[in-house]
Amino acid sequence: MQGHIRDALDRCAPGPIRIVSLCAGQGHDLIGALADHSRAPDVRARLVELHPRNCELARAAASAGVEVMCTDAAMTSAYAGAVPAEIILANGVFGNISDNDIVRTIETLPSLSAPGATVIWTRHRREPDLTPDIRKWFEAAGFTEVAFDAPEGFIFGVGMNRLAKPPEPFRETKMFDFLSEPA
C-alpha cells in the first residue's frame with residue numbers, strides 16, 4: 001500500500017497535493033508513506049475516521065499537513081474543503097460494505113477527484129473474489145487501471161486507478177453503509 005502511495009506522490013505535478021482517506025483507521029498507510037518522502041511538505045491530507053481511539057492515534061502520529069477528522073467517512077460532506085483531491089485512499093472499505101455500495105462509492109469518487117486523480121483501494125480475495133468486478137466498476141466509472149497487485153499467498157489485492165475523464169462537481173451524498181458482518 002505505502003509503495004503505491006509513494007508512486008502516486010511521485011506522479012503528482014509540482015505544487016500542493018491534496019489527499020483524502022476514507023475510513024483511515026490510524027492512518028498508518030499514508031503517515032508511513034509520507035515519513036521520508038520528498039513530496040511530504042507538499043501534502044495537505046484529510047484522514048476521515050469514525051472511531052475516536054483511531055483518530056487519537058492518527059493525530060498523535062500525523063505530520064504537518066495531515067488533518068484527522070473524526071466523523072462518518074460515508075458522507076461526502078466530510079471531505080468538503082479537502083477536495084478535489086489528487087490522491088484518494090479507500091483502504092479496507094470495500095470488504096465492509098455491500099456490492100451495491102461499492103459501486104455507489106466508486107461512482108461518487110469522480111466528484112471528490114482532481115483531474116487525473118489516483119484512487120488506491122484494497123479488497124480481500126476470499127471467495128467470492130470480488131476484485132475482478134471492482135476493477136470493472138472502476139473502468140465503468142471512468143478510471144483506468146494503473147496497477148493491481150494480488151500476490152500469491154496474500155489474501156488482499158491492492159488496486160490503483162487513475163481518473164481518465166473530467167472530474168464531476170462535488171456533491172453531498174452518502175456513499176455507503178457498513179455491514180454488520182464483513183463481506
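Heads up: the structure comes first, above all this text.
All of these numbers come straight from a predicted model, not from anything done at the bench.

## Considering the packing of aromatic side chains
Step number 1: The tally for this structure, following the rule as stated, stands at six aromatic pairs.
Step number 2: Between Trp121 and Phe138, the aromatic rings sit 5.7 Å apart at their centres with planes inclined by 15°, giving stacked as the arrangement. Taken as a pair, Trp121 in strand β5 (residues 113-124) and Phe138 in helix α5 (residues 131-140) lie far apart in primary sequence, 17 residues in all. Phe138 shares its class with Trp121; the two are buried.
Step number 3: Following the ring pairs from residue to residue traces out a cluster consisting of Phe94, Trp121, Phe138, Phe143 and Phe148.

## Details of helix α3 (residues 52-61)
Step number 1: By the burial criterion, the buried members of α3 are Asn54, Cys55 and Ala58. Down the axis of α3, the sector holding all buried residues measures 100°, keeping them to one side. Exposed residues on α3 whose side chains face more than 90 degrees from its buried face are Pro52, Arg53 and Ala60.
Step number 2: On its buried face, α3 sits against α2 (28-34), β2 (43-49) and β3 (66-70).

## Here we look at the pattern of salt bridges
Step number 1: Taken as a whole and judged by the stated rule, the model has ten salt bridges.
Step number 2: Between Glu145 and Arg135 there is a salt bridge; the shortest N-O distance is 2.7 Å. In this pair, Glu145 sits in strand β6 (residues 143-149) while Arg135 sits in helix α5, placing the two residues ten residues apart along the sequence.
Step number 3: As a salt-bridge pair, Glu168 and Arg171 come within 3.3 Å of each other at their nearest N and O atoms.
Step number 4: The exposure class assigned to Glu168 is partly exposed, which follows from its relative accessible area of 26%.
Step number 5: Look at the salt bridges and you will find they share partners, linking Lys165, Glu168 and Arg171 into a network.

## Topic: the packing of helix α4 (residues 99-108) against α5
Step number 1: At their nearest, the axes of α4 and α5 sit 9 Å apart, and the two run at 30° to each other. Judged by the sense of rotation from one axis to the other, the crossing of α4 with α5 is right-handed. Between α4 and α5, the residues in contact are Asp99, Ile102, Val103 and Ile106 and Ile134, Trp137 and Phe138, respectively.
Step number 2: Residues that form the contact of α4 with α5 fall into these classes: six nonpolar, no polar and one charged.

Quick notes on the rules
Residues numbered from 1 in each chain as written. Predicted model: local features only at pLDDT ≥ 70, side-chain atom pairs only at ≥ 80, totals over all residues. Heavy atoms only, no water. Phe/Tyr/Trp six-rings, centres within 6.5 Å; stacked < 30°, edge-to-face > 60°. Helix = DSSP H or I, 4+ residues; strand = E, 2+ residues; numbered from the N terminus. Buried < 20%, exposed > 50% of the residue type's maximum accessible area, 1.4 Å probe, protein only. Arc of directions from axis to C-beta. Contact = heavy atoms within 4.5 Å. Salt bridge = Lys/Arg side-chain N within 4 Å of Asp/Glu carboxyl O. Axes fitted to C-alpha atoms, helices over the stretch in contact; angles between N-to-C directions. Left-handed = near helix turned anticlockwise from the far one by under 90°. Nonpolar A, V, L, I, M, F, W, Y, C, P; charged D, E, K, R; others polar.

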